[in-house]
Every structure is written in structure tokens, then in C-alpha cells.
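A closer look at the structure
What follows is each chain in one-letter form.
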Amino acid sequence: MNYLDETFRVKVGLAEMLKGGVIMDVTNAEQAVIAEKAGACAVMALERVPSDIRKEGGVARMAPIRKIREIMEAVSIPVMAKARIGHFMEARILEALEVDYIDESEVLTPADEEHHIDKRQFKVPFVCGARNLGEALRRIAEGAAMIRTKGEAGSGNIVEAVRHIRTIVKEIKQLTVLGKEELVAEAKRLQAPLELVEWVAQNGKLPVPNFSAGGIATPADAALVMQLGAEAVFVGSGIFKSEDPEARARAIVKAATYYNDPVKLLEASEDLGMAMPGLDVSKMPESEMLQTRGW
Amino acid sequence: MKPIGVLALQGDFEAHQKALARAGADSVLVRTAAELQNVAGLVIPGGESTTMLKLLRLENLFEPLREFGQQRPIFGTCAGAILLASEVSSPQQESLGLVDMAIERNAYGRQLDSRVVRLAAEDGLTGKELEAVFIRAPIIRRVGETGRVLARYLGDPVLVDFGRHLVATFHPELTPDPTVHRMFVDRVAR
């Protein structure tokens, strides 16, 4: 089993370094510099932020290489980039470009409706989205070195990220009290490998860092998902679709550190201008949801 | 005795707490200047040095941390080593200047150049092989006279003893072996 071999440890190692931090979506070098100056621990390069993808429609693909390269040259922090679900050739190209992490992301239009990328075949680490423990463990079995909640990207609505982090944390807790034979049945229900299910039952956590994404728009949102068990946060449209991206970026960085300190969170929440406009996810038809992509 | 603090602004502070426990020490997380007053020594973990620097300035922790380091031991790993250095390049950035060394950020390359290696340790660690996890690691380009090199990788110093302070460009907190953390715990107890 390769979950604990050296390559995998190096992949998880970078995720460890990102803990307590904020990974920000950026679409160009200028935004990347703003993110770095505000204290982002990494940036995610993409062609359009999720709220624009949602608005404009069409096929969302890996970002243009020139854009990613400009971003990599502009900042000294790690640069991640998104590949479509199952599109292992986009991933190969991003690996050749030497991005630091690949997000096999439901925000882009899936390239394969049955298979995810076999991430064990890559030297570059991957992060994948999950809504529940089964999904998280399937992605880890495929080689993901970091899990993030899917939430509902581009919605500016935290409700789905909360649902997903609560579900994952609850399902982990439930495993810890089950007997050996019950874990076998549980592995079947979760559609995940038994050895991973047993590892989680024994350790009470995922074998890789567990971050949160999808709908974080305010310092309070970041603190909320951290309180619920997320170890770091991804912010997509929440920063550059708000009125004052610099101030909001700084404030969310502060909130990810001081998620346990209401006075600091109050300071972080003052004078931010307007947050991005939000969407009511409960009124959204399922066909418009990004979180249901992935299998 | 007061516990050892782990600076928890950002990074792998939790892994350091576990490593300190393996080395037999109690630890607490430090996020404010007030919390700094209640610890006997401090670990500055791995993570992003730019993020930590930003928060140190924003939260008025930079000067208190420098003053703490003039009295008490600090152990910096990776980003922590960068913050302790007197000179930082690639790019140039502000640092605490508590140890006399020049350090270059991300000097091995990007994540694809991250690796796990085994080091034959010199000096105080003779006879022991150390596992070293390098993640987008910096390279120490110059060590001042106050520094004693305890281990090298490809000729460059990766573990340096500065008397009061200790720096590593790799991550001993990501390995089960408690040797390096024990060295720091002993020095805090002295």
C-alpha cells in the first residue's frame, strides 16, 4: 500500500504546510500579487472564478498556460491549478509546467463521467473535493493528498460547505465506535477500500489534511468552517468578486488564524465593504449545482 | 516549568505539538504577545513565511517575538528558519535577524523537487542517521561564526546550532524520530 510511502509523504507534507492558511482563487498575476501581499498561503490559478463560470456557462477548462506561468513568476508562494475531473492529460500538462498542486475540480466541466484521474501515477500532489466520507476516501484511494469540502462554488453561500464538513466529521466519528465486522459492512456502504476505512476508524481523522471550500465569502464563514473541523480554507469568488478584495483577503487570512478568538474576528469583520452577492442554493435546480459532479 | 510554545499563525504547528510530545515536552499554541509570556521556548513551524510575516506585523507580534528571542530559545523549521535569519533572498524579505545566516527561499525548486532523504549527521549527532523531509525548502547560503553545522545535505547546512537557537531547513516534525526535537527540549530546560 502506498498511502504512507515517501512520495505520498512529500505530497501530504505540502498540505501540512498550508494548514491554518487561506488559498485564494486568482485569474491573473495582478490578483496573485494582491493575494500574496494579503497573506494567502497559496493561490489557485484558474481561467474564471466559479461565479463567472456559473454566469457565463460553456465548457470550463484548465486555465491558459500563459496565465498560469505569469502567476507562477509573480509570486513566491505555492501555485495550484485546476484540471477537469478525469482529464489526466490536462493534469500531465500542469505537472510538466511544475505547478505545486493540482485541484481535480468539479468547478470545471468534467471530462469523464465515470473515472477520476489515477493520481498515484503522478509526482505532483492532488487535492479533490468531497461531500461525504465515502467520496473523500475514494479520492484518497486514487491518490489525493488533500481533501476539501466541495460546498457550492461560486454561490457565496456557506450552507453547502457546512453540510459537507459536518457530514465528513460526523461519519468519521461514527466509524471510531464500530467493531471490525461492522467496518467491513461500512466500507461497502461508503464504497471505499477497507484498509482506509479501518485507518480512519483507528485514528479518528482522515489520513490527509481536510480543508474547506465552496461558498466562503466572509471572515465569519472562514472561522465557522475552521470551528467545524476544516484545517484551512479555499476562497474562490469570495475575494475578487467583493467590493474591496485587498481588505477582504487580509481579513479572511486573519480569521483563519484567529478562528477561536471572537474579538480578533470582530476586528477582521470591520470595514470590509460589500461581500460578493450570494445565491440561495435551496432554490437552485440540481442541474446547476457544481457539487454533484464527481463520482 | 513553563511549557514550550508553538507559533500557530499558519503552518504545520499541530505536527510540531505532536513531535514535542514524542520528545516528552508539554506544549501550547501561541498566537498573541500575551501568550508568548507564558512559554519557556518557542517553535516557529513550517508554512509560508510571507503569511506568517504578514500576521506578525498586522498583530504587532514582530517586536515582542524579537525580544523573546533575545532571551529565550527558538527552534525554526523551514519557514521558521527563514524568519529567524539575518538575510533572506529570493525574494528579499524582512526577518527577525536572531541568527547570523543568509538563507534563500524555495532554493531547490518547486513542489516537484520536494523529497525525503537520509542524512549522516555531523558533530553533536554523531553515529545517527537522520531522516529529513524537504518541502519547497530554503537553502542556507552562509552561516555566521556563531553557528555550528550539525547536518548537511548536498554540501549545504540543513541543521544549525546557534547556541540559544536551532534552525532546520527540513521538517523533523514530519518524522517519527524525536532526536531533533529532543535537542531543542533539552536546550529549553537548561
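Just so it is clear, the structure is predicted and the values come from calculations on it, not from any experiment.

In terms of regular secondary structure, chain B is built from six helices and 12 strands. Considering only C-alpha atoms, chain B reaches an extent of 40 × 35 × 30 Å along its principal axes. Buried residues in chain B amount to 63% of all 190 residues. A fraction of 64% describes how many contacts in chain B between residues 6 or more apart in sequence connect residues 24 or more apart. Here chain B displays about 7,000 Å² of accessible surface, and carbon together with sulfur accounts for 46% of that area. Where the 22 positive side-chain charges of chain B centre and where its 23 negative ones centre are 1 Å apart.

This next bit is on the environment of R293(A). Residues and elements named next belong to chain A. Considering the arrangement of structural elements, one finds R293 in the segment after α13 (262–269). In this structure, the C-alpha to C-alpha distance between R293 and V124, residues 169 residues apart in sequence, is 23 Å. Apart from residues no more than four positions distant in its own chain, R293 is found in contact with I85, E106, V107, L108, T109, P110 and K150. Among the polar contacts made by the side chain of R293, one reaches the main-chain carbonyl oxygen of E106 at a distance of 3.0 Å.

All right, on to the confidence of the model for chain B then. Of the residues in chain B, 97% reach a pLDDT of 70 or more, and the chain-wide mean stands at 95. This complex was scored by the predictor with a pTM of 0.96 and an ipTM of 0.96.

With that out of the way, let us pick up the interface of chain A and chain B. Taken together, the contact between chain A and chain B spans 39 residues of the former and 40 residues of the latter. Contact between chain A and chain B buries roughly 3,000 Å² in total, counting both sides, with carbon and sulfur atoms accounting for 54%. Considering only the surface of chain A that becomes buried against chain B, R9(A), V10(A) and M17(A) emerge as the three largest contributors, covering 22% of it. For the interface between chain A and chain B, the tally reads seven salt bridges. Across the salt bridge formed by R110(B) and D100(A), the nearest N and O atoms sit 2.6 Å from each other. The tally of links between chain A and chain B comes to 24 residue pairs in polar contact (both at pLDDT 80 or more). Only α1 (6–17), α2 (29–38), α12 (245–257) and α13 of chain A provide two or more residues apiece to the side of chain A that touches chain B. The biggest single contributor to the side of chain A that touches chain B is α1(A), with eight residues. The residue inventory of the side of chain A that touches chain B, partitioned by class, reads 16 nonpolar, six polar and 17 charged.

Glancing now at helix α3 (residues 49–58) of chain B. Most of α3(B) is tucked away: seven of the 10 residues are buried. Those residues of α3(B) lying buried are S49(B), T50(B), T51(B), M52(B), L53(B), L55(B) and L56(B). In this structure, the buried side of α3(B) is in contact with α2 and α12 of chain A together with β1 (4–7), β3 (41–44), α4 (62–71) and α5 (79–84) of chain B. Of the residues one or two after α3(B), N60(B) is the one with positive phi, at around 50 degrees.

Attention now moves to the sheet that holds strand β9 (residues 139–143) of chain B. Residue and element names in this part refer to chain B. The three strands are arranged β5-β6-β9 in an open sheet whose pairing can be described as mixed. The open sheet has two edge strands with one neighbour each: β5 (87–89) and β9. Here the average twist between neighbouring strands, direction ignored, is 20 degrees. Sheet analysis places strand β6 (residues 101–104) next to β9, joined by four bridges and oriented antiparallel. Opposite I103, over in β9, you have I140 as the bridge partner.

By the definition in use, this model includes seven aromatic pairs over all chains. Centre to centre, the rings of F75(B) and F184(B) are 5.5 Å apart; their planes meet at 40 degrees, and the pair counts as tilted. Of this pair, F75(B) sits in strand β4 (residues 74–77) while F184(B) sits in helix α6 (residues 179–189), and the two are 109 residues apart along the sequence. The residues F75(B) and F184(B) share a single accessibility class, namely buried. Ring centres of Y108(B) and Y153(B) lie 6.1 Å apart, and the angle between their planes is 45 degrees; this geometry places the pair in the tilted category. You can see Y108(B) sitting in the loop between β6 and β7 (115–120) and its partner Y153(B) sitting in strand β10 (residues 148–153), a full 45 residues away along the chain. The same class applies to Y108(B) and to Y153(B), which are both buried. One aromatic cluster in this structure is built from Y108(B), F134(B), Y153(B) and F170(B). Its end group placed over the ring of F122(A), R92(A) keeps NZ or CZ at 3.8 Å from the ring centre. Across the ring face of F13(B), the terminal group of R31(B) is positioned such that the distance to the ring centre comes to 5.6 Å.

The next point concerns empty space enclosed by the protein. Enumeration according to the criterion identifies six cavities of 30 Å³ or more in this entry. Of the voids in this model, the largest cavity is the one considered here, and its volume is about 190 Å³. Around the largest cavity, the lining comprises 23 residues; the ones closest to its centre are D25(A), A153(A), A213(A), G214(A) and G236(A). Counting only elements with at least two residues in the lining of the largest cavity, the list comes to β8 (233–235) and α11 (237–240) of chain A. Split into classes, the residues belonging to the lining of the largest cavity amount to nine nonpolar, eight polar and six charged. Approximately 120 Å³ is the volume found for the second largest cavity. If you trace the second largest cavity, you find 13 residues lining it, with G47(B), E48(B), C78(B), N106(B) and R136(B) closest to the centre. Of all elements in the fold, only α1 of chain A together with α5 of chain B reach the threshold of two or more residues within the lining of the second largest cavity. Residues of the lining of the second largest cavity, tallied by class, amount to seven nonpolar, three polar and three charged.

Here we take up the packing of helix α7 (residues 159–176) of chain A against helix α9 (residues 194–203) of chain A. All names here are of chain A. In the contact formed by α7 and α9, the axes pass within 7 Å of each other and the chain directions differ by 85 degrees. Overall, the two elements α7 and α9 adopt an arrangement that is roughly perpendicular. Seen from α7, the contacting residues are I172, L175 and T176; seen from α9, they are V197, V200 and A201. Here the contact of α7 with α9 is built from residues that sort into five nonpolar, one polar and no charged.

Reading the values: the criteria
- Along every chain, residues carry numbers that run from 1 in the direction the sequence is written.
- In the order they appear in the text, chains get letters beginning with A and ligands get numbers beginning with 1.
- Given that the model is predicted, a residue must reach a pLDDT of at least 70 before its local features are reported, and side-chain atom pairs must reach 80 or more before they are shown or counted; all residues, however, enter totals for whole chains, interfaces and linings.
- To get the side-chain values, take all heavy atoms of the structure and skip hydrogens and water.
- Numbering of helices and strands runs from the N terminus, with a helix taken as a DSSP run of H or I at least four residues long and a strand as a DSSP run of E at least two residues long.
- The cut-offs for exposure are 20% and 50% of the maximum accessible area for each residue type, with area from a 1.4 Å probe on protein chains only; residues under the lower value are buried, those over the upper are exposed, and the others partly exposed.
- Between two residues, a contact is recorded if the distance between any of their heavy atoms is within 4.5 Å.
- In these tables, accessible area is a Shrake-Rupley quantity obtained with a 1.4 Å probe, and a residue counts as shielded only by the protein chains included in the view.
- Only four residue types enter the charge count, namely Lys and Arg as positive and Asp and Glu as negative; His and the chain termini do not.
- A charge is said to be at NZ when it belongs to Lys, at CZ for Arg, at CG for Asp and at CD for Glu.
- N or O atoms closer than or at 3.5 Å make up a polar contact, with two conditions inside protein: a donor-capable atom paired with an acceptor-capable one, and, for residues adjacent in sequence, both atoms drawn from side chains.
- pLDDT gives the predictor's per-residue confidence on a scale running from 0 to 100.
- Here the quantity called buried area is the accessible surface, traced with a 1.4 Å probe, that two parts lose on coming together, added over both.
- In the sections that follow, a salt bridge refers to a side-chain nitrogen of Lys or Arg positioned within 4 Å of a carboxyl oxygen of Asp or Glu.
- Charged means Asp, Glu, Lys or Arg here, nonpolar means Ala, Val, Leu, Ile, Met, Phe, Trp, Tyr, Cys or Pro, and polar covers whatever is left, Gly included.
- Here, a strand pair is defined by DSSP locating no fewer than two bridges between the strands.
- Angles run from 0 to 180 degrees between N-to-C directions of axes, and those axes are lines fitted to C-alpha atoms, restricted for helices to the stretch in contact.
- The pairing test for Phe, Tyr and Trp rings, Trp by its six-membered ring, is centres within 6.5 Å, and the orientation test on the planes gives stacked under 30 degrees, edge-to-face over 60, and tilted for anything in between.
- Over a ring means this: the NZ of a Lys or the CZ of an Arg is within 6 Å of the ring centre and within 35 degrees of the ring normal.
- Using a 1 Å grid laid over the protein atoms alone, points where a 1.4 Å probe fits but cannot get out form a cavity; open sets with protein on both sides within 12 Å along at least 5 of 7 lines form a pocket; any residue with an atom within 4 Å of a point counts as lining.
- Grid points are joined across faces, edges and corners, and a volume is the space filled by probe spheres set on the points.
- Our angle categories are set so that under 35 degrees counts as roughly parallel, over 145 as roughly antiparallel, 65 to 115 as roughly perpendicular, and the remainder as oblique.

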